[in-house]
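What follows is each chain in one-letter form.
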Amino acid sequence: MREIFRRLITGAVFVFLLLSSIFLNSDAFDFLFMVFGLTCIYEYKRMVRLKGYYIFIAYLTLWWIYIYLINDISTTYNTIAINTLMVLTLSINSILLYYLFSKKEKLFNSLQKFIIGIFYIGGGSIFLTMIPYKENTFAELLIMGVFILIWVNDSFAYLTGRSFGKTKLFPSVSPKKTIEGAIGGFIFALIAAYIISNFESNLTLIQWLILASVIVITGNLGDLIESKFKRTAGVKDSGAILPGHGGMLDRLDSLIFAAPFVYLTLNIFTYVS
């Protein structure tokens, strides 16, 4: 009972900070996720046993370039810069997918761990903050919808899996996850997308359903990738900054991995509409 209370309190504080940053102003949202990303980098660095502090400097430099600097340059160079980051981030995510399905646990040297951390966490965090910006306006309900879909998937995957789960999803990496739980999370995420489409008009119902599918699939993969990092490191959680929840990376692993795919999907919607 005490553990559940701790989880509820921590979760409430986390949601309060998130909602406050979204509805206060875009700068607050950007700053909050810069800090969250920095915390994830710290936890990742400890998990993979990466020495030195250069990864923090590289992360903050990348953040400054993409969140502040490129906004002041021409649209052409802005687009080139964002597309370059997209290619690099998705390339690293593809390597992590290979890592997930590989039977080997230790594949990377120090330089590779450094590059992976910068684009897996840094790139993911940057694209996460880019998602709400639509035609130079900050779409609060759009980014809230993305968060809600992640939370609904995670929550109902857990509840469905606990109630009906029998078939293991990926036992070598995450023994508690089940196929039944994954299906349950996906179904409820689609229901949530339908409800959100009635309140958020930037996307059509079909687009919300497609976006929910992208979020569920890539979010689940992101969660499994972080689970493999923890399994390789021999730790239960990435950190202990969130009482009852573990580390910041434990809370954001799905979002960070899914973010570039979500951003790409939203841009495809804009292109084809």
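You'll find the structure just up there.
Residues numbered from 1 in each chain as written. Predicted model: local features only at pLDDT ≥ 70, side-chain atom pairs only at ≥ 80, totals over all residues. Heavy atoms only, no water.

K.L.:
How would you sum up the pattern of salt bridges? Please name residues and give values.
P.N.:
Tallied over the full model, the rule gives three salt bridges. Among the salt bridges present, the one from aspartate 223 reaches lysine 177, with a minimum N-O distance of 2.5 Å. On the criterion of sequence distance, the pair formed by aspartate 223 in helix 8 (residues 205-233) and lysine 177 in strand 4 (residues 174-178) is long-range, its members being 46 residues apart. For aspartate 223, a relative accessible area of 16% corresponds to the buried category. (Salt bridge = Lys/Arg side-chain N within 4 Å of Asp/Glu carboxyl O. Helix = DSSP H or I, 4+ residues; strand = E, 2+ residues; numbered from the N terminus. Buried < 20%, exposed > 50% of the residue type's maximum accessible area, 1.4 Å probe, protein only.)

K.L.:
So what's going on with the pairing of strand 4? Residues and values would help.
P.N.:
Across two bridges, strand 3 (residues 168-170) lies against strand 4 in antiparallel orientation. Each residue of the ladder has a partner; that of lysine 168, found in strand 4, is threonine 178. The turn joining strand 3 and strand 4, which pair antiparallel and follow one another in sequence, is formed by three residues. (Pairing = 2+ DSSP bridges.)

K.L.:
Give me the lowdown on the environment of lysine 228, citing residues and values where you can.
P.N.:
Structurally, lysine 228 can be placed in helix 8. Judged by relative accessible area, which is 3%, lysine 228 ranks as buried. Lysine 228 has contacts with Tyr99, Leu100, Ser102, Lys104, Glu105 and Val173, leaving out every residue within four places of it along the chain. (Contact = heavy atoms within 4.5 Å.)

K.L.:
Explain helix 5 (residues 110-130) residue by residue, including any values.
P.N.:
A rise of 1.5 Å per residue sets the reference length of helix 5, with its 21 residues, at 30 Å; its end C-alpha atoms lie 29 Å apart and thus fit the reference within 8%. In this structure asparagine 109 caps helix 5, since a side-chain oxygen of it lies 3.2 Å from the backbone nitrogen of leucine 111. (Expected span 1.5 Å × (residues − 1). Polar contact = N/O pair within 3.5 Å; in protein donor to acceptor, adjacent residues only side chain to side chain.)

K.L.:
Tell me what's going on with the packing of aromatic side chains, and back it up with residues and numbers.
P.N.:
Applying the stated criterion to the full structure yields 17 aromatic pairs. Taking the centre distance of 5.8 Å and the plane angle of 10° together, the rings of phenylalanine 33 and phenylalanine 147 count as stacked. Taken together, the residues span a long stretch of sequence, with phenylalanine 33 in helix 2 (residues 26-47) and phenylalanine 147 in helix 6 (residues 140-164) at a distance of 114 residues. Across the pair, phenylalanine 147 and phenylalanine 33 agree in class, each one buried. Between tyrosine 133 and phenylalanine 138, the aromatic rings sit 5.3 Å apart at their centres with planes inclined by 70°, giving edge-to-face as the arrangement. A relative accessible area of 34% places tyrosine 133 in the partly exposed class. You can call phenylalanine 138 buried: its relative accessible area is 15%. (Phe/Tyr/Trp six-rings, centres within 6.5 Å; stacked < 30°, edge-to-face > 60°.)

K.L.:
How would you sum up empty space enclosed by the protein? Please name residues and give values.
P.N.:
Per the stated rule, a full pass over the model turns up two cavities of 30 Å³ or more. Estimated volume of the largest cavity: approximately 40 Å³. If you trace the largest cavity, you find it lined by Phe33, Phe36, Gly37, Cys40, Ser125, Leu128, Leu252, Leu255 and Ile256. Counting only elements with at least two residues in the lining of the largest cavity, the list comes to helix 2, helix 5 and helix 9 (248-272). When residues of the lining of the largest cavity are assigned to their parent elements, the largest contribution, four residues, is made by helix 2. Estimated volume of the second largest cavity: approximately 30 Å³. If you go around the second largest cavity, the residues you meet are Phe14, Leu18, Phe147, Trp151, Arg251, Leu252 and Leu255. (1 Å grid on protein atoms, 1.4 Å probe; cavity = no way out; pocket = protein on both sides within 12 Å on 5 of 7 lines; lining within 4 Å. Points joined across faces, edges and corners; volume = space filled by probe spheres on them.)

K.L.:
Quick one: what's the story with the nonpolar core, residue by residue and with numbers?
P.N.:
One finds Phe33, Tyr120, Ile131, Phe147, Leu211, Phe229 and Leu252 to be the most contacted residues of the largest nonpolar core, which totals 78 residues. Of the residues forming this core, the biggest block, 12 residues, is contributed by helix 9. With residues near it in sequence (within four places) discarded, isoleucine 131 still touches Leu142, Ile143, Val146, Ala259, Val262, Tyr263 and Leu266. (Core = buried A, V, L, I, M, F, W, Y, C linked by side-chain atoms within 4.5 Å.)

K.L.:
Summarise the environment of isoleucine 70; cite the residues concerned and give the values.
P.N.:
Examined against the element boundaries, isoleucine 70 turns out to sit in the loop between helix 3 (54-69) and helix 4 (75-101). With 12 residues separating them in the primary sequence, isoleucine 70 and isoleucine 82 have C-alpha atoms 8.8 Å apart. Apart from residues no more than four positions distant in its own chain, isoleucine 70 is found in contact with Ile65, Asn78, Ala81 and Ile82.

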